[in-house]
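One-letter residues, chain by chain:
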Amino acid sequence: SCDEKQCIIPATFTYTIENIGETTMEITVLKRTWKYTQLINGEEVKVTDPRDLLKNVKDRSVKSRESTTADEIGTYDVCTIGDYKMTVNVEADPPGKKFPCLADDEYEFETTVGCSVDVDITCVDEEGTDCAERALETPPLQCDDGENINVVTFTYI
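Numbering of residues begins from 1 in every chain and follows the order in which that chain's sequence is written. Residues qualify for local features only when their pLDDT is at least 70, as the model is predicted, and side-chain atom pairs are given and counted only at 80 or more; totals for whole chains, interfaces and linings, by contrast, use all residues. Hydrogens and waters are ignored; side-chain quantities use all the structure's heavy atoms.

J.: Would you explain the overall build of the chain in this entry?
T.: A tally of regular secondary structure across the chain gives one helix and seven strands. In the chain, the order of α-helices and β-strands from amino to carboxyl end is β-β-β-β-β-β-β-α. Burial status across the chain gives 22% buried among its 157 residues. Contact definition: two residues touch when any of their heavy atoms are within 4.5 Å. Counted over contacts in the chain with a minimum sequence separation of 6, partners at least 24 positions apart contribute 65%. Just so you have it, the chain exposes about 12,200 Å², and 49% of that area is on carbon and sulfur atoms. Only DSSP runs of H or I covering at least 4 residues are called helices, and only runs of E covering at least 2 are called strands; the numbering of each starts at the N terminus. Buried, partly exposed and exposed residues are distinguished by accessible area as a fraction of the type maximum, computed with a 1.4 Å probe on protein chains only: under 20%, between the cut-offs, and over 50%, respectively. Method for areas: the Shrake-Rupley scheme with a 1.4 Å probe, in which residue coverage is limited to the protein chains shown.

J.: Would you mind showing me how to read the nonpolar core here?
T.: In globular proteins that are soluble, nonpolar side chains generally tend to be buried together. Formed by 19 residues in total, the largest nonpolar core has its most connected members in Tyr15, Ile27, Leu30 and Val57. Going through the elements one at a time, strand E1 (8-18), strand E2 (25-40) and strand E6 (81-93) are the ones with two or more residues in this core. The element contributing the most residues to this core is E6, with five residues. Residues in contact with isoleucine 27, not counting those within four places in the same chain, are Ile17, Leu54, Val57, Arg60, Val62, Val90, Glu91 and Ala92. In this description, a nonpolar core means a group of buried Ala, Val, Leu, Ile, Met, Phe, Trp, Tyr and Cys residues linked to one another through side-chain atoms lying within 4.5 Å.

J.: Help me understand the side chain of asparagine 19 in this model?
T.: Relative to the helices and strands, asparagine 19 is located in the loop between E1 and E2. Exposure remark for asparagine 19: the relative accessible area of 6% places this residue in the buried category. Among all residues touching asparagine 19, those that are not within four sequence positions of it are Thr24, Met25, Val62, Lys63, Ser64, Arg65 and Glu66.

J.: Can you walk me through the side chain of threonine 111 in this structure?
T.: Its location among the elements puts threonine 111 in strand E7 (residues 101-111). On the basis of relative accessibility, which here comes to 7%, the residue threonine 111 falls in the buried class.

J.: Looking at this model, I keep getting lost on unusual backbone geometry. Mind explaining?
T.: Residues apart from glycine generally show negative phi values, whereas peptide bonds are mostly found in trans. The phi dihedral of arginine 65 is positive, around 65°, even though this residue is not glycine. Topologically, arginine 65 is positioned in the loop between strand E4 (61-62) and strand E5 (67-77). What makes arginine 65 exposed here is its relative accessible area of 52%.

J.: Whenever I open this one, the environment of asparagine 56 confuses me. Can you help?
T.: Relative to the helices and strands, asparagine 56 is located in the loop between strand E3 (43-52) and E4. When its relative accessible area of 22% is taken as the criterion, asparagine 56 is described as partly exposed. Beyond its immediate stretch of four places on either side in the chain, asparagine 56 contacts Thr69, Ala70, Asp71 and Glu72.

J.: How should I be thinking about a negative patch on the surface in this particular structure?
T.: Patch definition: residues above 30% relative accessible area lacking any salt bridge, with like charges linked at up to 9 Å and the nonpolar side chains Val, Leu, Ile, Met, Phe, Trp and Tyr linked at up to 5 Å. Basic side-chain nitrogens of Lys or Arg form a salt bridge, by our definition, when they fall within 4 Å of a carboxyl oxygen of Asp or Glu. We treat Lys and Arg as the positive residues and Asp and Glu as the negative residues; His and chain ends play no part in the count. Charged side chains are reduced to one point each, which is NZ for Lys, CZ for Arg, CG for Asp and CD for Glu. Taken together, the side chains of Glu44, Asp83, Glu108 and Glu110 define an acidic patch exposed on the protein surface. Among the structural elements, aspartate 83 can be located in strand E6.

J.: How do you make sense of the pairing of E6 when you look at a structure like this?
T.: Consecutive side chains of a regular strand alternate in pointing toward one face of the sheet and then the other. Only strands that DSSP links by at least two bridges are regarded as paired with each other. Relative to E6, E2 runs antiparallel, the two sharing 13 bridges. Residue pairing in the sheet places leucine 30 in a bridge with valine 90 of E6. Judged from the 11 bridges that link them, E6 and E7 form a sheet pairing that is antiparallel. If you follow threonine 87 over to E7, its bridge partner there is glutamate 106.

Here it is, written out as C-alpha cells:
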C-alpha cells in the first residue's frame, strides 16, 4: 500500500558546466527553475520554483576544455502523480567581459503512482434500470375501488 512506501525521495542534482571554448571563462550566473504539475486529490497544482545556484558552483573560473560542477540536494514525491521539468541557465564571461557566453539545458521526468485507487458506485434495479431514473417514478397504487388507504409503504430492492 501507499502507506508502506517512502514517498519523499531525496535526490542530488549535479549540474556540470563545461568550457568548450579556447579561453578561460568566469561563471557569473547559474539559475535553475523547476516547473511541475502534480495531481493532488484530483486537482492539478502547478508550481514554479526558481533558484540562484551560483554559490553552489565549485570553481567559478573554468579553463579551456575543463569543467566544474554545482550540486543541489532536493526531494520529490513519488506517491503523487506529476510532470516535472527543470531548466538550467548558465552565463560565463571571457576575459574583458565583452560578450557573455550563454547556455541552457532541460531535464524532464514524470511520476506515476502504482497505488492509486478510484471508486465508482452504480445502482440498478432487478430490470437493469438506473436507480436515479427509477427514483423519479411514483409506483402505482395497488388498491381496490372504494378502499381507504391507511399506510403506504414503498420497498426498493
